[in-house]
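Spelled out, the chains give:
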Amino acid sequence: MSAASDRERFERLATVCGPTVLGYLARRAEPPADAADIYQEVLIVVWRRLRSVPEDDGEALGWMIGVARRSLANHRRGAVRHLAATERLWSTLPGAVEVPESDLDVIDALEALDTKDRELITLVYWDGLSCEQAATAIGISAVTARKRLQRTRDRLRDQLDQATGSEPVAPALHSRCATG
């Protein structure tokens, strides 16, 4: 077979058998949105093994469903491994994911911030990065990070003060990253 005829055959298989294979995957993949990724894996196998694919469209469909079935099984095994790895990680971080009751006002105030500002302030205060490190992590200059952090601290402090209805509750927000 020539490269042109290989390409034509592949395109025919994708056109004739592809919708059925994708439907098969969409009904079985969890979440269903993963079906498109698994289908791409099927197409890669079809392309690589094109000369092994039966000539008859009906037989080719069965062959492709077999590939889809194995690809789906691989996907599921990968998901199980990923879940197990995630569970192991969570078990090694016992106190890291618990949110103290006293932080709920802070979390509410943070959620009211713009996404970029929330990322910057949490990198500095919760993750312990310097302004320079946080700036590098989010792709801005250190000068921009310091200015944005100051404005964000002020907004966060105002929101916290309003939420508690008392004297300023966030004096620690004044010190970190003030000079660089």
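Notes on the structure in this doc start here. Note that the coordinates shown come from a computational prediction; the quantities given were computed from them, not determined experimentally.

### Some thoughts on the overall build of the protein chain
- Scanning the protein chain from terminus to terminus reveals eight helices and zero strands.
- Walking the protein chain from its N terminus toward its C terminus, one meets helices and strands in the order α-α-α-α-α-α-α-α.
- Within the protein chain, the fraction of its 180 residues that count as buried is 31%.
- Here the contacts in the protein chain between residues at least 6 apart in sequence split such that 57% fall between residues at least 24 apart.
- A total of about 11,500 Å² of accessible surface is found on the protein chain, and carbon and sulfur atoms cover 54% of it.

### Some thoughts on the pattern of salt bridges
- Under the criterion given, the structure shown has eight salt bridges.
- We note a salt bridge from R7 to E11, for which the minimum N-O separation is 2.9 Å. You can see R7 and its partner E11 sitting in helix α1 (residues 3-16), four residues apart, about one turn around the helix.
- By relative accessible area, E11 is classed as partly exposed at 38%.
- Measuring nitrogen to oxygen at the nearest pair gives 3.1 Å for the salt bridge that ties E132 to R146. Remark: R146 occurs in helix α8 (residues 142-164) and E132 occurs in helix α7 (residues 131-138); sequence separation between them is 14 residues.
- For R146, a relative accessible area of 23% corresponds to the partly exposed category.
- Connected through salt bridges with shared partners, the residues D117, R148 and R155 form a single ionic network.

Calculation criteria
Residues numbered from 1 in each chain as written. Predicted model: local features only at pLDDT ≥ 70, side-chain atom pairs only at ≥ 80, totals over all residues. Heavy atoms only, no water. Helix = DSSP H or I, 4+ residues; strand = E, 2+ residues; numbered from the N terminus. Buried < 20%, exposed > 50% of the residue type's maximum accessible area, 1.4 Å probe, protein only. Contact = heavy atoms within 4.5 Å. Areas by Shrake-Rupley, 256 points an atom, 1.4 Å probe, with all protein chains shown as cover. Salt bridge = Lys/Arg side-chain N within 4 Å of Asp/Glu carboxyl O.

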